[in-house]
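A look at the structure
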Amino acid sequence: MTINTSSFGGGGLPKLTPDLLFFDRLGNSSAIVSSASIDASGGLTTALSLTGKYMINSVGLSGMTAETVTIKLTIDGVIIINNTFTSTTSVSVVNTYNGTATTTSPSQIGFTPIGCDSTFLLEVQTATDTNISLQYNVRPIL
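Residues numbered from 1 in each chain as written. Predicted model: local features only at pLDDT ≥ 70, side-chain atom pairs only at ≥ 80, totals over all residues. Heavy atoms only, no water.

1. Examining the overall build of the protein
In plain terms, the rule: Helix and strand definitions here come from DSSP, where helices need a minimum of 4 consecutive H or I residues and strands a minimum of 2 consecutive E residues; each element is numbered from the N-terminal end. Each residue gets one of three labels from its accessible area relative to the maximum for its type: buried under 20%, exposed over 50%, partly exposed in between, using a 1.4 Å probe on protein chains only. The accessible surface values rely on the Shrake-Rupley method and a 1.4 Å probe; as for residues, cover is taken only from the protein chains in view.
A tally of helices and strands in the protein yields 1 helix and 9 strands. Helices and strands appear in the protein in the N-to-C order α-β-β-β-β-β-β-β-β-β. A burial count over the protein gives 40% of its 142 residues as buried. Here the protein has roughly 7800 Å² of accessible surface; of this, 55% comes from carbon and sulfur atoms.

Encoded structure:
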């Protein structure tokens with residue numbers, strides 16, 4: 001039986017890209033990037049799109065209206081999640097931190113960082129919500 005591994009070091013740990021100003025960027029945000037005002041009421045809307053190799057530690061949506069939401073996650077061209085459910089006011093899609101501000105939801109992958117070799121696309125759709133916030137923590141890797 002052959003087990004295929006990703007290009008992340010032949011199945012080993014990923015190698016980080018150089019980031020000589022890492023601590024300058026940390027500040028008070030703990031390296032979590034936040035953006036707001038995602039209007040997902042008109043259909044599937046891109047919440048986060050990454051191109052390149054990344055290690056993804058956390059991705060979450062907050063400030064949501066508790067209503068029917070669709071979360072679609074595509075990594076390297078493979079649809080990983082395509083789920084419609086009733087959300088709370090926040091949804092954790094990827095979460096490696098125990099006790100973060102986001103809540104566990106039916107769409108959560110787990111407490112393990114995930115990687116992408118080329119593309120990471122998170123799309124969201126809501127019934128009426130026009131002001132969703134996105135928080136994510138990712139790191140480029142070699």
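Further notes follow.
2. Quick look at the side chain of threonine 126
With respect to the helices and strands, threonine 126 occurs in strand S8 (residues 119–126). For threonine 126, a relative accessible area of 4% gives the class buried.

3. Considerations on the sheet that holds S8
Selection criterion: Any two strands with at least two DSSP bridges between them are considered paired. Only C-alpha atoms enter the line fits that serve as axes; for helices the fit covers just the stretch in contact. Angles between N-to-C directions range over 0 to 180 degrees.
Read across the sheet, 4 strands follow the order S2-S8-S4-S5 without closing on themselves; strand pairing throughout is antiparallel. Bordering the open sheet on either side are strand S2 (45–51) and strand S5 (78–86), each of which pairs with just one other strand. Along the sheet, successive strands turn relative to each other by an average axial angle of 10 degrees, direction set aside. Where strand S4 (residues 68–75) lies against S5, 8 bridges are found, and the strand directions are antiparallel. Bridging across to S5, isoleucine 71 finds its partner in asparagine 83.

4. Looking at the confidence of the model for the protein
Spelled out, the test is: For every residue, the predictor assigns a confidence score, pLDDT, that lies between 0 and 100. The criterion used for residue contact is that any of the two residues' heavy atoms lie within 4.5 Å.
Residues with a pLDDT of 70 or more make up 70% of the protein, whose mean pLDDT is 78. Low pLDDT, under 50, characterises residues 98–109; the stretch is placed with 32 contacts to residues that sit more than four places away or in other chains.

5. Overview of the environment of leucine 16
As for its placement among the helices and strands, leucine 16 is situated in the segment before helix H1 (22–26). Considering only alpha carbons, one finds leucine 16 and leucine 142, 126 residues apart in sequence, at a separation of 5.9 Å. Sequence-distant contacts of leucine 16, defined by excluding residues within four places in its chain, comprise Arg139, Pro140, Ile141 and Leu142.

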